[in-house]
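Fold and contact review
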Amino acid sequence: FLTSLPSNWSPNTSNTKEDPFTSALVQALDLLWNLVEASPTALQMFNERGLVEVVSRLASPDLHHPSLLQAALSCLASATDSNPPAIQALQGRSQDFLELCSSGPSLLARATASILLIHLHGSAIFSSPPAFSAILEVASLALSSDPCSTLASVAKIGGDEEDEGMEVENGGDGREEA
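Owing to the predicted nature of the structure, the values given are computational and were not obtained by experimental measurement.

**Looking at the overall build of the chain**
- Looking only at helices and strands, the chain features nine helices and zero strands.
- Along the chain direction, N to C, the helices and strands of the chain fall in the order α-α-α-α-α-α-α-α-α.
- Burial analysis of the chain (178 residues in total) assigns 38% to the buried set.
- Sequence-distant contacts, at least 24 apart, represent 62% of the contacts inside the chain between residues at least 6 apart.
- Of the roughly 10600 Å² of accessible surface on the chain, a fraction of 55% belongs to carbon and sulfur atoms.

Next comes the structure, spelled out in structure tokens:
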């Protein structure tokens, strides 16, 4: 499915309703992320079939589709964890991930791009001031954010309109009543 995707494909963002192809693509990326995370055989096939190039094309904010961006970034973050072929294939995209880390559309996208930068740079991340400072900024934002609003933003990325009425117990202040 992913390998048959035309190189110039982009999601249909003109309609208010998401097209089924894009939805299936997001689900395929999520499935691939889980497979690559769980199975060395899946990771090997990911490398052999050149899927890093296909998935990296989808990890672009220019496509204006937050759930597609997040699914692609998550898949790449998993695929680059201790995987030299994938890391090597993405070396030319380091600047793109730095830009996403600095000004991505969501804190989750910025944090996932940070993970990619750490995987791509390895221990040399400490001698790359732009990347290291961007990662520290994202870590600081993540640590200072309100967990309830973070969960709400993750729910919005998932695109489930029916979850908008989600209630938070105890007013969402994190305290339990006695």
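**So, the pattern of salt bridges**
- All told, the structure shown has two salt bridges when counted by the stated rule.
- For the salt bridge of R93 with D96, the shortest nitrogen-to-oxygen distance reads 2.6 Å.
- Under the relative-accessibility criterion, R93 is labelled buried at 18%.
- Residue classification places D96 among the partly exposed positions, given a relative accessible area of 33%.

**So, the side chain of H65**
- Position of H65 relative to the elements: it lies in the loop between helix 3 (51–58) and helix 4 (66–79).
- In this structure, H65 is in contact with P11, E18, T22 and V26, ignoring residues within four places of it in sequence.

**A look at the confidence of the model for the chain**
- Across the chain, the average pLDDT comes to 86, with 85% of residues at 70 or higher.
- Within the model, the stretch residues 160–178 combines pLDDT values under 50 with six contacts to residues more than four positions away or in other chains.

**Here we look at the packing of helix 3 against helix 4**
- Contact geometry for helix 3 and helix 4: axes closest at 8 Å, N-to-C directions at 145 degrees. Two packed elements cross with a definite hand, and for helix 3 against helix 4 that hand is left-handed. In this structure, helix 3 uses V52, V55, S56 and L58 to contact helix 4, whose residues at the interface are L68, L69, A72, C75 and L76.
- Taken together, the residues that form the contact of helix 3 with helix 4 break down as eight nonpolar, one polar and no charged.

**A few points about helix 3**
- Counted residue by residue, helix 3 has six buried out of eight residues, so it is predominantly covered.
- Turning to helix 3, its buried residues are L51, V52, V54, V55, S56 and L58.
- Buried-residue contacts for helix 3 involve helix 1 (20–38), helix 2 (40–48), helix 4 and helix 5 (84–90).

**Considering the packing of aromatic side chains**
- Scanning the model with the defined rule gives three aromatic pairs in all.
- With a centroid separation of 5.3 Å and an interplanar angle of 55 degrees, the aromatic rings of F1 and F21 are classed as tilted. With a gap of 20 residues between them, F1 in the segment before helix 1 and F21 in helix 1 connect regions that are remote in the sequence.
- An aromatic cluster is built from F1, W9 and F21, whose rings are joined through pairwise contacts.

**Things to note about the environment of H119**
- Relative to the assigned elements, H119 resides in helix 7 (residues 107–121).
- The sequence separation of H119 and A79 amounts to 40 residues, and the corresponding C-alpha distance is 9.6 Å.
- Non-local contacts of H119, meaning those with residues more than four positions away in its chain, are made with A77, T80, D81 and I87.
- A polar side-chain atom of H119 sits 2.8 Å from a polar atom in the side chain of T80.

Reading guide: rules and limits
Residues numbered from 1 in each chain as written. Predicted model: local features only at pLDDT ≥ 70, side-chain atom pairs only at ≥ 80, totals over all residues. Heavy atoms only, no water. Helix = DSSP H or I, 4+ residues; strand = E, 2+ residues; numbered from the N terminus. Buried < 20%, exposed > 50% of the residue type's maximum accessible area, 1.4 Å probe, protein only. Contact = heavy atoms within 4.5 Å. Areas by Shrake-Rupley, 256 points an atom, 1.4 Å probe, with all protein chains shown as cover. Salt bridge = Lys/Arg side-chain N within 4 Å of Asp/Glu carboxyl O. pLDDT = per-residue confidence, 0-100. Axes fitted to C-alpha atoms, helices over the stretch in contact; angles between N-to-C directions. Left-handed = near helix turned anticlockwise from the far one by under 90°. Nonpolar A, V, L, I, M, F, W, Y, C, P; charged D, E, K, R; others polar. Phe/Tyr/Trp six-rings, centres within 6.5 Å; stacked < 30°, edge-to-face > 60°. Polar contact = N/O pair within 3.5 Å; in protein donor to acceptor, adjacent residues only side chain to side chain.

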